[in-house]
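# Structural overview for review
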Amino acid sequence: PYPKLFRSYYSRSTWIRQNTIQPRYYGIYMYRENYYGGGNDSSEINNNLIYNFHSGSSKVDQQCGITLYYYNYRVNVFHNTVVLDGNSNSTSYYAFKVYFYPTGSKVRNNIFVTYNATYLVYLYYPSGLTMDNNLYYYPNNASNSYNLFYCYYPSTYSKDLAGFRNYTNYLGTHDMNSMADVNPHFVSTSDFHLDASYPPIYTVNLGLAEDVEIGRA
């Protein structure tokens, strides 16, 4: 009943919003978004839920949430939830990835979750990217068994948000208002709405006309 993949190639001013995505390998994939557009073109990835990576009835470990691959300009990634449960600790799999110069793009107010070994963030030459006010949740990595953040250049691996913040080459200061391993209090392990009985997670107003919780009025 849910879409498997949203893919955009060489597009301009794309909006991908308010979707529940249960993919096989890739949730949302953009390639050269706004690369040929004017300076006023911008794109939105917001209010999406990506989880339950599967092939048929079987879980897959090759889980890739949101990918901005190769020169994606002015893409706003706001208010998304990506939930991973893969067992692979390869940098090929991640909640969020930028590959090569995402000039003017912003990643804010997202919830990125890994329950097992899958990376949360992969950044490759992230020049021009803004990242802040995100929640990175990795409850089963308390002993720092896995690297969960990867940045390049130079090649830098981090096991937690504190280490990730130390990477500033090509990125600058980032994620200073983000939260590390704070439980977002989902309703259940299969219902990733936020449990209303807990206090809300306060972030910042990003000026969206709508900020909705998918699948709930």
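For the structure, see preceding data.
Anyway, here's the lowdown on the structure attached to this text.

The rules behind each value
Residues numbered from 1 in each chain as written. Predicted model: local features only at pLDDT ≥ 70, side-chain atom pairs only at ≥ 80, totals over all residues. Heavy atoms only, no water. Helix = DSSP H or I, 4+ residues; strand = E, 2+ residues; numbered from the N terminus. Buried < 20%, exposed > 50% of the residue type's maximum accessible area, 1.4 Å probe, protein only. Contact = heavy atoms within 4.5 Å. Patch = residues over 30% accessible without salt bridge, like charges linked within 9 Å, V, L, I, M, F, W, Y side chains within 5 Å. Areas by Shrake-Rupley, 256 points an atom, 1.4 Å probe, with all protein chains shown as cover. Salt bridge = Lys/Arg side-chain N within 4 Å of Asp/Glu carboxyl O. Pairing = 2+ DSSP bridges.

## Considerations on the environment of F6
Relative to the assigned elements, F6 resides in strand β1 (residues 6-9). Looking at F6, the relative accessible area reads 24%, which means it is partly exposed. Taking the C-alpha atoms as reference points, F6 and Y26, 20 residues apart in sequence, are found 8.2 Å from one another. In this structure F6 touches I16, N19, I21, G27, I28 and Y29, once residues within four positions along its chain are discounted.

## Considerations on unusual backbone geometry
Here the bond from Y152 into Y153 is cis, since omega is 25 degrees, no more than 30 degrees from zero. Inspection of the secondary structure puts Y153 in the loop between β18 (149-152) and β19 (156-158). The backbone of Y125 sits at a positive phi, close to 50 degrees, despite the residue not being glycine. With respect to the helices and strands, the residue Y125 is situated in the loop between β15 (119-124) and β16 (130-132). Judged by its relative accessible area of 17%, Y125 falls in the buried class.

## Some details on a nonpolar patch on the surface
Taken together, L5, Y25 and Y26 make up a surface patch of nonpolar side chains, about 230 Å² in accessible area. Residue placement: Y26 occurs in strand β4 (residues 26-31). Of the residues examined, Y26 reaches a relative accessible area of 33% and is grouped as partly exposed.

## Topic: the sheet that holds strand β14 (residues 111-114)
Read across the open sheet, the six strands follow the order β3-β6-β11-β14-β17-β20; overall the sheet is parallel. Two strands lie at the open edges of the sheet, namely β3 (20-21) and β20 (179-180), each paired on one side alone. Relative to β14, strand β11 (residues 81-84) runs parallel, the two being bridged by four bridges. Across the sheet, V82 pairs through a bridge with F112, a residue of β14.

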